[in-house]
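Single-letter residue listing:
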Amino acid sequence: MNGISEKKYDVIVIGAGHAGCEASLAAARMGAKTLMLTMNIDSVAQMSCNPAVGGIAKGHIVREIDALGGEMARVTDQTGIQFRMLNTSKGPAVWAPRAQCDKKLYAMTMKNILESQANLDLKQGEVKEILTDGNAVKGVVTTIQTFYAANAVIVTTGTFLNGLIHIGDVTFGGGRAGDKPSLGLSGCLAGLGFEIKRLKTGTPPRLNARSIDFSKLEAQHGDESPTPFSFHTEKITQDQLPCHLTYTNEKTHALIKENIHRSPLYSGKIQSRGPRYCPSIEDKVYRFADKERHQLFLEPEGRLTQEIYINGFSTSFPQDLQIKLIRSIEGLENTELMRFGYAIEYDFCPPTQVKHTLETKKIENLYLAGQINGTSGYEEAACQGLMAGINAVLKMRNKKPFILGRAEAYIGVLIDDLVTNGTEEPYRMFTSRAEHRLLLRQDNADKRLLGYGHELGLISKEQFNRFSAKQKRIQEWVEKIRKSRYNQVPMDQYLRRSEIRLKDVLGILNEGIEDEEIERQVEIEIKYAGYIQREETLVNRLKQYEEKKIPDFVNFSEIKGMSREAKEKFERTKPASLGQAARISGITPCDISVLAIHIEKLKRVD
């Protein structure tokens, strides 16, 4: 090797996307000497696709990251150019914050935070090999033959592993447009015994705002009083920019149908599975042939750029066809494309190969986080990075791992889904994936998780004290309303009537709550008390399944009375508890009963 780093690190993070940023900050803030290695320091925290954070379920994850002491929410609040709370016409369980961000400012702000963080070194270098000593990590080697020693390594490579970009018939290597792919690391992981598969994702063209006729488009403005993402942001003070709405039409669809053979997706050039819930425009038109039009959102990429992201128009069609398709749309008849859309194929490791801590099952102290585990989206990646960073440090200190349950956080749902059932397509979080979503609201993420963040050293004493004071005020108001009566009816029961709001109750009491967030929390806690209590009872009943741990030494193939399919799935997944075993796709109640009896027999033998 040409060089050996004079420093030995506790944790090395490979990659500086959203997973890498959260992993590095978490490890460093917990006191671990941390190194972040990235192929291009200028691309730290880059928003490769839509410069937006949050949305349905994803917004919940961002608030959970914030409650645990992560950084994504705070940077979003600082760099957002439009904020909206989605689904407010429905129940609070599915309300979701979303923000359009200034793409460059977000990346620059996060980079500055990383560069300023104690215990964290940020260096440019492409890792080609992860070195092991026996069955444990000992460090990494870069393409220029520099060796960095470490106790733990976290791989957060996004779409860079053997990345291949498609635009029509043109194909070239890239981790994203403008960046070269990582070509050595995937082979290294395969050499260490990991199964490697391929996935696909894509991005739309970027348009020049000066060439768009906005008078033909429907403007969409942000909330007048925007809700911050971070529990530590007092108020969003910056001006917001409008987004705009338009639609595909009959001409657009005809062009797509006539030229479907020119799409790499349909010509057979791309074999990998793409995101089912975020299909390309050619996929949407082909699969939903009865739909006359599809919504398209025109979203600015920043305050100091003319680039417009056309949300809903991901494509890998050839360049000439992309131009024709865009110009077939109302308001875009004379539009100039600044960047073309493309599809990208990349390697990932099926996530049944990692534990709930995100440590790999094959190699000790090696962690995988983000798109390498088959997820899609900045938010899904960031939360994995945070959890991997936390668990790498806890293991190094011989402390209990930090694992969130499905009833505690969307983060817990996401990781359990991945580890238990894996994925054959880019995994995206939805509220429907969480069976206890009434408990996992975006508004109560601090109540659920901020205590953990404080215990881990990622939430300061000052932040924790502010949170505690807020919770105290909420409970005082809840008790005050519960003790009040109106026309002989307990005021909390009166508030549960569908047509009654907390403001009505406060008017009767001749009271007012100055803090809007506290007012919201009080109303939800009282109005939905019955539902919440029922959900908590169910969670407690299911907890006994989660607490029945399966010993590491269990040989599933030897269990009598169990189906062969169940034995194979248990051997592959190595479930940690009966609860996890029961969630494996295709496993029957009979299989679980047999497994439970077998575990009890093992206990009696011990």
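Reading the values: the criteria
Residues numbered from 1 in each chain as written. Predicted model: local features only at pLDDT ≥ 70, side-chain atom pairs only at ≥ 80, totals over all residues. Heavy atoms only, no water. Pairing = 2+ DSSP bridges. Helix = DSSP H or I, 4+ residues; strand = E, 2+ residues; numbered from the N terminus. Phe/Tyr/Trp six-rings, centres within 6.5 Å; stacked < 30°, edge-to-face > 60°. Buried < 20%, exposed > 50% of the residue type's maximum accessible area, 1.4 Å probe, protein only. Core = buried A, V, L, I, M, F, W, Y, C linked by side-chain atoms within 4.5 Å. Contact = heavy atoms within 4.5 Å. Axes fitted to C-alpha atoms, helices over the stretch in contact; angles between N-to-C directions.

Visitor: Would you explain the pairing of strand 16 (residues 295-300) in this entry?
Guide: Where a strand is regular, its side chains alternate between the two sheet faces. Inspection of the sheet shows strand 15 (residues 243-247) paired to strand 16 by four bridges, in the antiparallel sense. Bridging across to strand 16, T246 finds its partner in L296. With four bridges connecting them, strand 16 and strand 17 (residues 307-311) associate as antiparallel partners. Across the sheet, L298 pairs through a bridge with I310, a residue of strand 17.

Visitor: Mind showing me how you'd approach the packing of aromatic side chains here?
Guide: Between two aromatic rings, the relevant description is the distance of the centres plus the angle of the planes. According to the stated counting rule, one finds six aromatic pairs in the structure shown. When the ring of F402 is compared with that of Y452, the centres are 5.3 Å apart and the planes differ by 65°; the resulting orientation is edge-to-face. Here F402, found in the loop between helix 10 (378-396) and helix 11 (410-421), pairs with Y452, found in helix 12 (residues 445-456); they are 50 residues apart in sequence, far enough to count as distant. Assessed through its relative accessible area of 9%, F402 is described here as buried. Centre to centre, the rings of F464 and F467 are 5.8 Å apart; their planes meet at 45°, and the pair counts as tilted. Remark: F467 and F464 occur in helix 13 (residues 461-483); sequence separation between them is three residues, near one turn of the helix.

Visitor: Would you mind going over the nonpolar core with me for this structure?
Guide: As a rule of thumb, nonpolar side chains are buried together in soluble globular proteins. Grouped together as the largest cluster of nonpolar side chains are 97 residues, with contacts concentrated most on I12, I130 and I411. Counting residues per element, this core draws most heavily on helix 10, at eleven residues. Leaving out residues up to four positions away in the same chain, I12 has contacts with L35, L37, V140, Y148, A149, A150, A152, V153 and I154. Grouped together as the second largest cluster of nonpolar side chains are 21 residues, I212, L217, L255 and V285 included.

Visitor: Looking at this structure, I do not really get the sheet that holds strand 18 (residues 337-339). What am I missing?
Guide: Within a sheet, each strand pairs with its neighbour through backbone hydrogen bonds, oriented either parallel or antiparallel. Taken together, the six strands give an open sheet; going across it, the order is 14-15-16-17-13-18, and neighbouring strands pair in antiparallel fashion. Across the chains shown, the open sheet's two edge strands, defined by having one partner strand only, are strand 14 (218-220) and strand 18. Looking at each pair of strands side by side, their axes are set apart by 35° on average, direction ignored. When strand 13 (residues 206-208) meets strand 17, the two strands line up antiparallel, connected through three bridges. In the strand pairing of strand 17, L207 is matched with I308.

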